[in-house]
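Chain residues, written in single-letter form:
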Amino acid sequence: MSQAARPAPRSLAEALRARDDVSLAALLRSRPDLITPVPTDLTQLATRAGTRASVLRALERLDRFALQTAEALAVAPDPASYDTLLSLMAGDAGDETVAAALPHALAGLREQALVWGDDERLRLVRTARELLAPSPQHPSPTGLGPTVQEATSGMSPGRIQELVAAVGLPSTHDSVSAVAALSGLFGDRKAMAELLSGAPEAAREVLSRLVWGPPYGQVTPDPAAHLRWLLDRGLLLPTAPGTVVLPREVALHLREGRAHRAPEPLPPAVEPATAHGPQVVDATAAGQAYTTLATVEELLKDWDEGGPAVLRAGGLSVRDLKRTAVALDVSEPVAAFWVELAYAAGLIASDGEADERYAATPAYDEWLERPAAERWARLAEAWLAATRTAGLVGGRDMKDRTLAALGPGLDRSAAPEVRHRVLTLLAGLPAGAAPDAESVLARLRWERPLRTPLRDGEEDLRSRLARWTLSEAELLGITGRGALSAHGRALLGLPAGTGSRAGSGARGAAAPAGSPAFAASSSAATGSAEPVGPGDKLPVHHHHRPAAAPAALSPAEQAVATAAAARLLAPLLPEPLDHVLLQADLTAVAPGPLQRPLADLLGVLADVESKGGATVYRFTPASVRRALDAGRTAADLHAFLTEHSRTPVPQPLAYLIDDVARRHGHLRVGAASAYVRCDDDTLLNEILADRRGAALGLRRLAPTVLAAQSDPATLLEGLRAMGYAPAAESAEGDVLIARAHAHRTPPRTAPEPVPDGPPAPDATLLGAAIRAIRAGDLAATAPRKPAGDAPLAGGELPRTSSAETLATMQAAVLTGESLWIGYVNAEGAASQRVIAPVKVEGGFVTAYDHTADEVRTYPLHRITGVAELAED
């Protein structure tokens, strides 16, 4: 049967059955929940597509204009023609922009199986109509009320005839025709204009207050004259005692046919706020990327010997987060972001011990060995895919409990999609352009509008995620001065380039190719323009077509994109230095990042005094003693400084090292509870006489030995606080070298993102699913010949004797015909199948199973019966 001659579908299942495989694949791709598990046939697919949960999910993923189109269909007659829908969307005047965008929106609703039928009989899926249609409990976003027929359903026939007479219509013999006549009058623009021309001014004012919704109002038992005028003519209809409603037909007349006050067929443009040269943006982003690496390393170094304790409910305590913020010299929200970033990248985790603490994972050591650009790319990739949201830290959960960093309750499945979309919108701007944040939020609200209004002052989750994305991308170095960097663009898998042309590729396009939405001037697009100065305003462009949604990268594609981002970033990062500049005030200046061995030893020998473009280290007696405790000698330290300083070693620093080394180890502390021994009994007398040592519980055991009630570690700290330089010794009397013990967790995997619904199926799964659905549909709908005189009921398994089954199978092998069989497997599950028998032998039939799309062998004793397929 030709497409032109095909009858209109009578159900959604029939509409799906008429689709080709490409159209079915588009449906399953846009609504992946329909394929989990794979439906047995198209009827089951249609049933699943109409369930409340699936329809709600589909509606939540519509853009604003597509949702407005669905809302208009919900208040239109069922079924409605395309012309009726167009009139509701474009109004009597006919908005050309709406008319141009409507076919695309309707095609999207059809693709997602929310609308079916041809242009003369458009039907909204019943569940969607129930969700979007007006009702007293759930007002329609259109602001429209019930129809005249719905509002008069409980009205007495006499009252209905009074309304018909009041508007000048002839009386009828029944209420149905009377209501139809009244509806027809209210839908007639010319007749309604004449009727309302005689309305009192106060009555017109009442209608103007109700016309855009809500359509309900309150009246007293004895209404005023102008309200009585409206009630007598059915322009207001009672719904409950003291409550009236404006009928939908009257509201549409007053609205000039429009279902919505302000249709939004086009997405709002993402407006550029300021512009910078692309090289400035890349350099700024690269500098921040280096800061990212330094901050994460500093965090993990601080937790190297075991980090904060894990709360009983999981996560960091408020006090530990404050301590971490002070150590990193950042605010607490920023500290929470760095902690969560390291966790998402698998660099920190809980150690799982009885006294559970956070610590670095073995993956951290592997990460440290990688080149700087690769280390940054791993962090950026982890952030892009993470569902954990650091911006929620400090907030409250549904049970009014505080959300802690690294604790439960921080996953938001929409976070990766919002991050990717925000960055893609930035990629659509001219190179070096920073967006106006509010225009980004407006665009996101258009792409995913809220169906439930928020309270005053409340911001939706996607808007908050977008704000956090803009700030976190700047912290990470994906953006520089608010504009997307070249390595940030590569991280998204976008082609290298400038301006909107780079963002209009097949993947992740911010707007269709050639769209004026993000089109820059010709000089900016080609890169031959003059450099744009900071703070310069860019021209604002307007949309003419909706933007294309970005496609998600597969894991393999993301790995390629991450590697490309690392390659672009590598030349922009500073090369590690092998020298410092020693100064006479006992400081050393590192004019850039240091090579790891130099940085590690200098971090032991000196304290970091200030950070920034150049790091300043200060040498103190305590820091020098720390290096000596780690096993270094004074000669080692002098040689180290001479080798790595571009300036001569200052005399005060050399004196400091020699002075601390001369006194280091003169006192020896060991385990008795603890003891102090020294060959200089005068020094021991001095210690005993010092009141600051009273808490240590010291007493003399011998001329050169003091015993203490404190443990060795406390004794060491106490003596050092008193200004001495003791050294710890072993039971054999050897000096103990105090090396930092790097505490590591057992191997841990990074936290898995919480998916936002089922994953999008790939091409292989789609192909297999469509074949299985088609085959199952063939088995369920294939016409069958009746068995004997008894016709087969739909869904009933055929019943034939063993002899009849065997004979029919053997005949089908000779003729090559397909058969319909009932089959019960070993678990007792019954199914219907269409098979083409190939061989019958030894109690088994080998056949091509159209349902499974493969050759299978079935025991004959498990076949309940067989029937031939009817001829078309």
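Since the structure is predicted, the reported quantities are computational estimates derived from the model, not experimental observations.

Rules used throughout
- Residues numbered from 1 in each chain as written.
- Predicted model: local features only at pLDDT ≥ 70, side-chain atom pairs only at ≥ 80, totals over all residues.
- Heavy atoms only, no water.
- Helix = DSSP H or I, 4+ residues; strand = E, 2+ residues; numbered from the N terminus.
- Buried < 20%, exposed > 50% of the residue type's maximum accessible area, 1.4 Å probe, protein only.
- Contact = heavy atoms within 4.5 Å.
- Areas by Shrake-Rupley, 256 points an atom, 1.4 Å probe, with all protein chains shown as cover.
- Polar contact = N/O pair within 3.5 Å; in protein donor to acceptor, adjacent residues only side chain to side chain.
- Pairing = 2+ DSSP bridges.
- Axes fitted to C-alpha atoms, helices over the stretch in contact; angles between N-to-C directions.
- Salt bridge = Lys/Arg side-chain N within 4 Å of Asp/Glu carboxyl O.
- Parallel < 35°, antiparallel > 145°, perpendicular 65-115°, else oblique.
- Patch = residues over 30% accessible without salt bridge, like charges linked within 9 Å, V, L, I, M, F, W, Y side chains within 5 Å.
- Lys, Arg positive; Asp, Glu negative; His and termini not counted.
- Charge placed at Lys NZ, Arg CZ, Asp CG, Glu CD.
- Phe/Tyr/Trp six-rings, centres within 6.5 Å; stacked < 30°, edge-to-face > 60°.
- Lys NZ or Arg CZ within 6 Å of the ring centre and 35° of its normal.
- pLDDT = per-residue confidence, 0-100.
- Core = buried A, V, L, I, M, F, W, Y, C linked by side-chain atoms within 4.5 Å.

## What about the overall build of the chain?
Okay, so step 1: Looking only at helices and strands, the chain features 35 helices and 25 strands.
Okay, so step 2: When each of the 872 residues of the chain is scored for burial, the buried share is 46%.
Okay, so step 3: Look at the contacts in the chain between residues 6 or more apart in sequence, and 67% of them connect residues 24 or more apart.
Okay, so step 4: When the accessible surface of the chain is totalled, it reaches about 41900 Å², and 54% of it is carbon and sulfur.

## Thoughts on the environment of threonine 292
Okay, so step 1: Examined against the element boundaries, threonine 292 turns out to sit in helix H16 (residues 278-302).
Okay, so step 2: Considering only alpha carbons, one finds threonine 292 and alanine 380, 88 residues apart in sequence, at a separation of 9.9 Å.
Okay, so step 3: Contacts of threonine 292, omitting those with residues within four sequence positions, involve Trp338, Leu341, Trp376, Leu379, Leu475 and Leu476.
Okay, so step 4: In this structure the side chain of threonine 292 is engaged in a polar contact, spanning 3.4 Å, whose partner is the backbone oxygen of leucine 476.

## A closer look at the sheet that holds strand E22 (residues 830-841)
Okay, so step 1: Sheet architecture is open: five strands sit in the order E24-E23-E22-E21-E25, paired in antiparallel fashion. Edge positions in the sheet fall to strand E24 (854-859) and strand E25 (863-868), since each of these pairs with one other strand and no more. Ignoring strand direction, the axes of neighbouring strands in this sheet form an average angle of 45°.
Okay, so step 2: Bridge analysis of E22 against strand E23 (residues 844-849) gives six bridges, and the strand direction is antiparallel. Bridging from a neighbouring strand, proline 837 pairs with alanine 847 of E23.

## Digging into the sheet that holds strand E4 (residues 237-240)
Okay, so step 1: Spatially, three strands are ordered E3-E5-E4 in an open sheet, and the strand pairing comes out antiparallel. The strands lining the two open edges of the sheet, one partner per strand, are strand E3 (216-218) and E4. Within this sheet the neighbouring strands show an average axis-to-axis angle of 40°, counted without direction.
Okay, so step 2: Looking at chain direction, E3 and strand E5 (residues 243-245) are connected through three bridges and run antiparallel. Across the sheet, the residue bridging to glutamine 218 is threonine 243, located in E5.

## So, the pairing of E25
Okay, so step 1: Among the six residues of E25, five are classified as buried, and the element is accordingly described as predominantly covered.
Okay, so step 2: Bridge count for strand E21 (residues 819-824) against E25 is five bridges, and the pairing is antiparallel. Across the sheet, residue tyrosine 823 finds its bridge partner in E25, namely isoleucine 863.

## Side note on unusual backbone geometry
Okay, so step 1: Of the consecutive residues threonine 36 and proline 37, the connecting peptide bond is found in the cis state with omega at -5°.
Okay, so step 2: Among the secondary structure elements, proline 37 is positioned in the loop between helix H2 (21-30) and helix H3 (42-49).
Okay, so step 3: A cis amide bond links glycine 213 with the next residue in sequence, proline 214, at an omega value of -5°.
Okay, so step 4: Relative to the assigned elements, proline 214 resides in the loop between helix H13 (201-210) and E3.
Okay, so step 5: Unusually for a residue other than glycine, aspartate 329 sits at a positive phi of about 60°.
Okay, so step 6: Residue position: aspartate 329 is located in the loop between helix H17 (318-328) and helix H18 (332-344).
Okay, so step 7: In this structure, leucine 406 takes a positive phi of about 65° despite not being glycine.
Okay, so step 8: Along the polypeptide, leucine 406 turns up in the loop between helix H20 (372-385) and helix H21 (415-427).

## A word on the environment of tyrosine 290
Okay, so step 1: Among the secondary structure elements, tyrosine 290 is positioned in helix H16.
Okay, so step 2: C-alpha separation for the pair tyrosine 290 and glycine 477, spaced 187 residues apart in sequence, amounts to 8.1 Å.
Okay, so step 3: With residues up to four places along the chain from it excluded, the contact list for tyrosine 290 reads Leu573, Pro574 and Pro593.

## Section: the pattern of salt bridges
Okay, so step 1: Under the criterion given, the structure shown has 31 salt bridges.
Okay, so step 2: With a closest N to O distance of 2.7 Å, arginine 189 and aspartate 92 form a salt bridge. Within this pair, whereas arginine 189 is found in helix H12 (residues 189-197), its partner aspartate 92 is found in the loop between helix H6 (82-90) and helix H7 (96-111), the two being separated by 97 residues in sequence.
Okay, so step 3: Exposure remark for arginine 189: the relative accessible area of 28% places this residue in the partly exposed category.
Okay, so step 4: The shortest N-O distance in the salt bridge between arginine 396 and aspartate 400 comes to 4.0 Å.
Okay, so step 5: The class of aspartate 400 is exposed, set by a relative accessible area of 52%.

## Points about the packing of helix H11 (residues 175-187) against H12
In helix packing, the relevant descriptors are the interaxial angle and the interaxial distance, both defined with respect to the helix axes.
Okay, so step 1: Contact pair H11 / H12: the axes reach a minimum separation of 5 Å and the direction vectors enclose 85°. Of the possible angle classes, the one that applies to H11 and H12 is roughly perpendicular. Of the residues in H12, those in contact with Leu185, Phe186 and Gly187 of H11 are Arg189, Ala191, Met192 and Leu195.

## Observations regarding a negative patch on the surface
Okay, so step 1: Residues Asp679, Asp680, Asp681 and Glu686 make up a contiguous surface patch of negative charge.
Okay, so step 2: Within the element layout of this structure, aspartate 681 appears in helix H32 (residues 681-689).

## Overview of the packing of aromatic side chains
Any aromatic ring pair is given by two values, namely how distant the centres are and how the planes are angled relative to each other.
Okay, so step 1: By the definition in use, this model includes four aromatic pairs.
Okay, so step 2: Between phenylalanine 337 and tryptophan 338, the ring centres sit 5.1 Å apart and the planes meet at 55°, which makes this aromatic pair tilted.
Okay, so step 3: Overall, the relative accessible area of 5% leaves phenylalanine 337 in the buried class.
Okay, so step 4: Here tryptophan 338 falls in the buried class, since its relative accessible area comes to 3%.
Okay, so step 5: Between the aromatic rings of tyrosine 823 and tyrosine 858, the centroid separation amounts to 4.8 Å while the plane-to-plane angle is 70°, which identifies the pairing as edge-to-face. Placement of tyrosine 823 in strand E21 and of tyrosine 858 in strand E24 is noted, with a sequence separation of 35 residues between them. Pair check on accessibility: tyrosine 823 and tyrosine 858 agree, each one buried.
Okay, so step 6: One residue, arginine 375, lies across the ring of tryptophan 367, its end atom 5.4 Å from the ring centre.

## Re the pairing of strand E18 (residues 699-702)
Okay, so step 1: Pairing geometry for E18 and strand E19 (residues 705-708), over three bridges, is antiparallel. Bridge pairing links arginine 700 to leucine 706 in E19.
Okay, so step 2: Hairpin remark: E18 followed by E19, antiparallel, with two residues in the connecting loop.

## Comments concerning the confidence of the model for the chain
Okay, so step 1: Here the chain averages 83 in pLDDT, and 87% of its residues register 70 or above.
Okay, so step 2: Across the chain, the secondary-structure element scoring lowest on mean pLDDT is helix H26 (residues 522-526), at 31, and the one scoring highest is strand E11 (residues 483-484), at 96.
Okay, so step 3: Within the model, the stretch residues 500-550 combines pLDDT values under 50 with 114 contacts to residues more than four positions away or in other chains.
Okay, so step 4: Confidence drops under pLDDT 50 across residues 787-794; counting only partners more than four residues distant or on other chains, this segment forms six contacts.

## Considerations on the side chain of arginine 625
Okay, so step 1: With respect to the secondary-structure elements, arginine 625 resides in helix H29 (residues 621-629).
Okay, so step 2: Aspartate 629 provides the closest opposite charge to the buried, unpaired arginine 625, separated from it by 4.8 Å.
Okay, so step 3: Once residues lying within four places of it in the same chain are set aside, the contact partners of arginine 625 are Val660, His664, Arg720, Tyr724 and Ala725.

## A look at the nonpolar core
Nonpolar side chains in soluble globular proteins tend to be buried together.
Okay, so step 1: Membership of the largest hydrophobic core comes to 90 residues, with the highest contact counts inside it found for Phe186, Leu235 and Leu236.
Okay, so step 2: Top element by residues in this core is helix H5 (residues 64-75). It accounts for eight residues.
Okay, so step 3: The residues touching phenylalanine 186, leaving out its near neighbours within four places in the chain, are Val148, Met192, Leu195, Arg233, Gly234, Leu235, Glu249, Val250 and His253.
Okay, so step 4: Grouped together as the second largest cluster of nonpolar side chains are 72 residues, Leu392, Leu406, Leu491 and Ala565 included.

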